[in-house]
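Observations on the model geometry
Letter by letter, the chains look like this.
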Amino acid sequence: MLGVKAPAVRNFGVSQRQTLVSCGVDHVNKLPEPFVHRNVANLVLHNDFSCLSVLQYAIEVLGIEHVIVCGHYGCGGVTAAWEQRSLGLVDNWLQPIRDIAHLYREPLFRLPGDEQRIDRLCELNVLFQARRVCRTTIVQQAWDSGKSLTVHAWVYRLGDGLLRDLGFCASDGESAEGDFARAAGVGTIGDEDARHSPTA
Ligand SMILES: [Zn+2]
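Residues numbered from 1 in each chain as written. Predicted model: local features only at pLDDT ≥ 70, side-chain atom pairs only at ≥ 80, totals over all residues.

**Here we look at the overall build of the protein chain**
- For the protein chain, the helix and strand inventory stands at eight helices and six strands.
- Of the regular secondary structure in the protein chain, the N- to C-terminal order runs β-β-β-α-β-α-α-α-α-α-β-β-α-α.
- Looking at the 200 residues of the protein chain, the share that counts as buried comes to 39%.
- Relative to all contacts within the protein chain whose residues are 6 or more apart in sequence, the contacts with residues 24 or more apart total 63%. (Helix = DSSP H or I, 4+ residues; strand = E, 2+ residues; numbered from the N terminus. Buried ≥ 20, exposed ≤ 12 C-beta atoms within 10 Å, placed from the backbone. Contact = placed C-beta atoms within 7 Å.)

As structure tokens, then:
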């Protein structure tokens, strides 16, 4: 687990140009020249052409080498999904997070309280989205062509200003699946669920 003060990310040694898929964060503007796409609850959906276009442009035109999916603890979208609160149209957008919550209900309910469950759901959501980035045709084609491209999953907490690396650092399809399995604790959910984990 890596924790650095958010401003220190300038010294992270990552490319000057990055793509961040993030949610409601002012901090990320302090990163060195990030190329940022944001939406509610930092979701990466394979039919979201806004998100896909940002990815394609950043990777194929700008030539970035690092994609960072950055979420945050206390995310309102994740909290609403966990609490199954109805907020209107946005409920449809948040449905993938409800699916993750359902899939991980057993390990989540083993945690002591809702605060910890929502924190973990925030982490799981970032991990699922990072894996989705890896499964886009854009990233798959970049890797197939031998391009250097790494996808990261980070989460931060406004309260302590710490940015945490979730242990997902994928530079090819195999490492994406392996890192996801380790970081998302695939072994902690039922085999049946694992075979049908939500990917859309
Ligand atoms: Zn959020």
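**Points about the pairing of strand β5 (residues 150–157)**
- In terms of burial, β5 is largely enclosed, as six of its eight residues are buried.
- Summarising the sheet, strand β4 (residues 66–72) and β5 pair through seven bridges and their orientation is parallel. If you follow Val67 over to β5, its bridge partner there is Val151.
- Note that β5 and strand β6 (residues 162–170) share six bridges and pair antiparallel. Bridge pairing links Val155 to Arg164 in β6.
- Taking the residues that link successive antiparallel strands as the turn, the β5-β6 hairpin has four residues, and the phi of Gly161 there is positive, at about 70°. (Pairing = 2+ DSSP bridges.)

**Digging into the confidence of the model for the protein chain**
- Mean pLDDT over the protein chain stands at 84; residues scoring 70 or higher make up 78%.
- Ignoring residues within four places in sequence, the model shows residues 1–17, a span with pLDDT below 50, making 29 contacts including any to other chains.
- Below a pLDDT of 50 lies the segment residues 24–29, which in the model reaches nine contacts outside its immediate sequence neighbourhood of four places, other chains included. (pLDDT = per-residue confidence, 0-100.)

**Concerning helix α6 (residues 137–144)**
- What α6 keeps buried is the set Ile138, Val139 and Trp143. Taken down its axis, α6 places every buried residue within 130° of arc, on the same side. Turned more than 90 degrees from where α6 packs its buried face, Thr137 and Asp144 sit exposed.
- Residues of α6 that are buried sit in contact with α1 (49–61), α5 (114–135), β5 and α7 (173–183).
- Phi turns positive one or two residues past the end of α6, at Gly146, with a value near 85°. (Arc of directions from axis to C-beta.)

**Topic: the nonpolar core**
- Counting residues in each nonpolar core, the largest one holds 52 residues, and the members touching the most others are Val78, Leu121, Leu127, Ala130 and Val133.
- Considering each element in turn, this core owes the most residues, 10 residues, to α5.
- Apart from the residues within four sequence positions on either side, Val133 is in contact with Val44, Leu55, Val67, Val69, Val139 and Val151. (Core = buried A, V, L, I, M, F, W, Y, C linked by C-beta atoms within 7 Å.)

**Considering the pairing of β4**
- Most of β4 sits out of view: seven of its seven residues are buried.
- Neither face of β4 is left uncovered, since the one carrying His66, Ile68, Cys70 and His72 and the one carrying Val67, Val69 and Gly71 both have all their residues buried.

**A look at unusual backbone geometry**
- Positive phi, normally seen in glycine, also occurs at Ala41, with a value near 65°.
- Tracing the chain through its elements places Ala41 in the loop between β3 (34–38) and α1.
- By C-beta crowding, Ala41 is classed as buried, having 24 other C-beta atoms within 10 Å.
- One non-glycine residue with positive phi stands out, namely Asn42, at about 40°.
- Looking at the secondary structure, you find Asn42 in the loop between β3 and α1.

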